[in-house]
Amino acid sequence: MEQTVIIEEVRSHLSDEKVKKAIELQSYIRGYLGGFFRSRGFIEVPPVIISPVTDPLNHPVLDPHIDYYGTKYALTKSMIFHKQILVKELGSIFTFSPNVRLETPDKAKTGRHLSEFTQIDVEKIGASREEMMDLVEDLYIGIVKDLAGGKVEPFNFFERKLIIPGKPLKRIKYRDAEREYGDDFESVLSSKMKEPFWIIDIPLEKREFYDREYEDQPGILRDMDLIYPEGFGEALSGGEREFHIDRIIKRIHDKNQTEEQFRWFIEYAKRGLEPSAGFGIGIERLTRFISGLKRIEDTHPFPKVPGKISL
Ligand code: AMP
Ligand code: MG
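Computed from a prediction, not measured in an experiment: that's the story for all the values here.

1. Focus: the coordination of the magnesium ion (ligand 2)
For the magnesium ion (ligand 2), the full set of protein donor atoms is Glu 234 (OE) and Ser 237 (OG), and the range of their distances to it is 2.2 to 2.4 Å. On the basis of relative accessible area, Glu 234 is assigned to the partly exposed category, the value being 22%. Residue class for Ser 237 comes out partly exposed when judged on its relative accessible area of 25%.

In structure tokens, the structure reads:
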């Protein structure tokens, strides 16, 4: 597309009232999230944008690299490895982490994918998955209650009703959901539900090598996804992490990945990692759900829709 056309598109996007309100709402959300995690004893750390190692992800994305004084650096797809390294020193951490994931252009139509987005990425030393789920439930209920108080003007603009759920949120095992609703269970269930819910116990092949298997259920991970209701889809992913170097290396091989690919992380892990658990919440997706907007691009001033050239 021609540059002048793109510039006009950006101008019209930025003057759209709902986009301005969504950006304002996102500013409130960032403030709430930061305050929440700090109040629970988490330390905010700065994001890592470039590094010789990043998350391999479990789905295909294009893989941009930069030449950093002769060493190949990746743009961060998630800070998982840096989080695992940091909890050992700092205990409980969070960061607003910009991620670059050049998603395939078929993702442009989901309303949920951008090539550049921010996740609030959280990790705690020694934590169980259940402790992290409990924390997320407190966060979700807290923010929805705050919004229901009527004092957040950009939220009121959207005239959106959000249910204040009770604890705990519903927990459904991955295999059970698959058996009952088929391969597309996530979107089927998301459309059916009125409150956010958890998918837990995710099969190993559906996730990256770094999440932890049950000791007594090989092939099943101590993982979770939170799914928004009303068809909004996945909100966050997380789980307990593998920290034994032998098992990390075995899992890399099982995935047909190479030690070379992760040698920076492996070298660090050889010196000892601690057990931890954590998760990452997409900020734009959270803004989209809270506002009720259908398209994620309306939550970002300069959205990068997969496959589309923009400012
Ligand atoms: P993941 O660990 O890959 O599930 O990513 C963590 C969270 O980041 C997801 O649950 C989403 O909320 C968000 N996220 C992941 N990919 C994207 C994307 N392409 N665009 C916007 N948000 C995303
Ligand atoms: Mg996920």
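From this point on, the discussion continues.
2. Observations concerning the site of ligand 1
Lining the immediate environment of ligand 1, one finds 15 residues, of which Arg 101, Glu 103, Leu 114, Glu 234 and Ala 235 sit closest. Between ligand 1 and Arg 285, the relevant distance is 3.5 Å, taken from a nitrogen atom to a side-chain nitrogen or oxygen of the residue. Computed on the free molecule, ligand 1 has an accessible area of 470 Å², of which 91% lies beneath the protein chains in the complex. Class assignment for the residues of the shell around ligand 1 results in five nonpolar, five polar and five charged.

3. Observations regarding unusual backbone geometry
Following Lys 167, the chain continues to Pro 168 via a peptide bond in cis, the omega torsion being -5°. Among the secondary structure elements, Pro 168 is positioned in the loop between helix H5 (153-157) and strand E9 (171-173). Of note, the phi angle at Tyr 69 is positive, near 50°, even though the residue is not glycine. Within the fold, Tyr 69 resides in the loop between strand E4 (65-68) and strand E5 (71-75). Given the relative accessible area of 75%, Tyr 69 is considered exposed. A positive phi is found at Asn 256, a non-glycine position, where the angle reads about 60°. Summarising the element assignment, Asn 256 is placed in the loop between helix H8 (245-254) and helix H9 (263-270). Asn 256 sits in the exposed class, given a relative accessible area of 72%.

4. Describing the sheet that holds E4
Pairing is antiparallel in the open sheet, where three strands are placed in the order E2-E5-E4. Edge positions in the sheet fall to strand E2 (50-51) and E4, since each of these pairs with one other strand and no more. Both E4 and E5 contribute to a ladder of four bridges, which runs antiparallel. Counted as the bridge partner of Ile 66 is Tyr 73 from E5.

5. Comments concerning the nonpolar core
Formed by 43 residues in total, the largest nonpolar core has its most connected members in Phe 37, Phe 279 and Ile 290. Residue contributions to this core peak at nine residues, all from helix H4 (residues 129-148). With sequence-adjacent residues up to four places away left out, Phe 37 is seen in contact with Phe 42, Phe 94, Ile 120, Val 122, Leu 135, Leu 139 and Phe 279. Tyr 210, Ile 248, Ile 266 and Leu 273 belong to the second-largest nonpolar core, a separate cluster that totals 14 residues.

6. Remarks on the packing of helix H2 (residues 17-39) against helix H10 (residues 283-291)
Running from N to C, H2 and H10 cross one another at 115°; their axes reach a closest spacing of 10 Å. For H2 against H10, the interelement crossing comes out right-handed. Only Ile 283, Glu 284, Leu 286, Thr 287, Ile 290 and Ser 291 of H10 make contact with H2, whose side of the interface consists of Ala 22, Leu 25, Gln 26, Ile 29, Arg 30 and Leu 33. Its residues placed into classes, the contact of H2 with H10 shows seven nonpolar, three polar and two charged.

7. Regarding the sheet that holds strand E11 (residues 220-228)
Taken together, eight strands build an open sheet; the order of strands is E1-E6-E8-E13-E12-E11-E10-E9 and the sheet is mixed. Each end of this open sheet is capped by a strand with a single partner; those strands are strand E1 (43-44) and E9. Sheet analysis places E1 next to strand E6 (residues 92-100), joined by two bridges and oriented parallel. The partner of Ile 43 across the bridge, within E6, is Ile 93. Each of E1, E6, strand E8 (116-125) and strand E13 (276-282) is contacted by helix H3 (residues 80-90), which is oriented at about 35° to E8, the strand it contacts most.

Conventions used here
- Residues numbered from 1 in each chain as written.
- Chains lettered and ligands numbered in written order.
- Predicted model: local features only at pLDDT ≥ 70, side-chain atom pairs only at ≥ 80, totals over all residues.
- Heavy atoms only, no water.
- Donors = N, O, S within 2.8 Å, 3.2 Å for Na, K, Ca; no water.
- Buried < 20%, exposed > 50% of the residue type's maximum accessible area, 1.4 Å probe, protein only.
- Near = heavy atom within 4 Å.
- Polar contact = N/O pair within 3.5 Å; in protein donor to acceptor, adjacent residues only side chain to side chain.
- Areas by Shrake-Rupley, 256 points an atom, 1.4 Å probe, with all protein chains shown as cover.
- Nonpolar A, V, L, I, M, F, W, Y, C, P; charged D, E, K, R; others polar.
- Helix = DSSP H or I, 4+ residues; strand = E, 2+ residues; numbered from the N terminus.
- Pairing = 2+ DSSP bridges.
- Core = buried A, V, L, I, M, F, W, Y, C linked by side-chain atoms within 4.5 Å.
- Contact = heavy atoms within 4.5 Å.
- Axes fitted to C-alpha atoms, helices over the stretch in contact; angles between N-to-C directions.
- Left-handed = near helix turned anticlockwise from the far one by under 90°.

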